[in-house]
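Here is how the chains run, residue by residue.
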Amino acid sequence: KHWMATPLPPSDADLKEAIHLFVKINRERLETITLKQVREHLEDFFRFQRGDLTELRGQMKELFTEAVNAIQESLADDDEPLTKKRPVASLTAKPKTEPKKPKTEAGAGGLTRDDEGALSTWLAPSVKLKVYKFKKSVLIDVRKYWTGNDGELKPTSKGISMTEDQWRGLIAHTDDIEKALAQFNK
């Protein structure tokens, strides 16, 4: 019988920390973020399948509101009354933005460095190759991306992260792969 273990939901502390991080990163567009976008971000962050965190909607909304208020208070000037804070984001409003295109077109060559220091390029409109450091390991990630409601490209679980040794093992077989492709494309 084939079965897959269901991952445990994140702890309250982990959920709170992830939401606070999400709010800090997205503080410029808080008024357009929906609860669905928060849930999808958390599912990506904790590597859950879509819909796995639906039962935590109430808790997510409460933690999101708390995080927004904390960010707004920390950004307020000392002389500015806190009652002039921007309103808490409407968690039901739909953003009105067009999907953002990848920065590099497929086949354009060259890697670009992101804010976290990772190097990446687009292999196809929705497939990204990314080289980054995680703890003490350098990883090569080839992953499919999707466009969220906010127009941002977001990673899916469809992909693979390889160590340098695994990557070198793969590229050592490029001639074999080319021969196999030639046979299948006859």
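For the structure itself, look to the data block above.
For every chain, the first residue of the written sequence is number 1, and numbering continues from 1 onward in sequence order. Given that the model is predicted, a residue must reach a pLDDT of at least 70 before its local features are reported, and side-chain atom pairs must reach 80 or more before they are shown or counted; all residues, however, enter totals for whole chains, interfaces and linings. Hydrogen atoms and water are omitted, and side-chain values are computed over all heavy atoms in the structure.

> Can you walk me through the nonpolar core in this structure?
In summary, soluble globular proteins display a tendency toward joint burial of nonpolar side chains. In these notes, a set of buried Ala, Val, Leu, Ile, Met, Phe, Trp, Tyr and Cys residues joined through side-chain atoms within 4.5 Å is what counts as a nonpolar core. Each residue gets one of three labels from its accessible area relative to the maximum for its type: buried under 20%, exposed over 50%, partly exposed in between, using a 1.4 Å probe on protein chains only. Among the nonpolar cores identified, the biggest contains 19 residues, and Ile19, Val23, Val38, Leu42, Met60 and Phe64 are the most heavily contacted of them. Only runs of H or I of at least four residues qualify as helices and only runs of E of at least two qualify as strands under DSSP, and these elements are numbered from the N terminus. Going through the elements one at a time, helix H1 (12-25), helix H2 (35-45) and helix H3 (57-75) are the ones with two or more residues in this core. In terms of residue count, the dominant contributor to this core is H3 (six residues). Excluding residues within four positions of it along the chain, valine 38 makes contact with Ile19, Phe22, Ile33 and Phe64. Contacts between residues were defined by any pair of non-hydrogen atoms, one from each residue, lying within 4.5 Å.

> What should I look at first to understand the pairing of strand E5 (residues 153-163) in this one?
Where a strand is regular, its side chains alternate between the two sheet faces. Paired strands, in this sense, are two strands between which DSSP finds at least two bridges. When strand E4 (residues 137-147) meets E5, the two strands line up antiparallel, connected through eight bridges. Among the inter-strand pairings, threonine 147 is bridged to a residue of E5, identified as leucine 153. Adjacent in sequence and paired antiparallel, E4 and E5 are bridged by five residues, among which glycine 151 carries a positive phi angle near 85°.

> When you look at the pattern of salt bridges in this model, what are you seeing that I'm missing?
A side chain of one charge can pair with a side chain of the opposite charge when the charged atoms of the two come close. Any Lys or Arg side-chain nitrogen located within 4 Å of an Asp or Glu carboxyl oxygen qualifies as a salt bridge. Overall, the coordinates contain five salt bridges when judged by the stated rule. Taking the shortest distance from any N to any O, the salt bridge between glutamate 40 and lysine 36 comes out at 4.0 Å. Of the two residues, glutamate 40 and lysine 36 are both situated in helix H2; the distance of four residues between them amounts to about one turn of the helix. For glutamate 40, a relative accessible area of 5% translates into the label buried. Classification of lysine 36 as partly exposed rests on a relative accessible area of 38%. Where arginine 143 meets aspartate 141, a salt bridge forms, and the shortest distance between an N and an O atom there is 2.9 Å. Given a relative accessible area of 6%, aspartate 141 falls into the buried group.

> Even after reading the chapter, I still don't get unusual backbone geometry, so can you show me in this structure?
Residues other than glycine predominantly adopt negative phi, and peptide bonds predominantly adopt the trans conformation. In this model, lysine 135 sits at a positive phi of 55°, which is unusual for a non-glycine residue. By the secondary structure assignment, lysine 135 is in the loop between strand E3 (127-134) and E4. Assessed through its relative accessible area of 71%, lysine 135 is described here as exposed.

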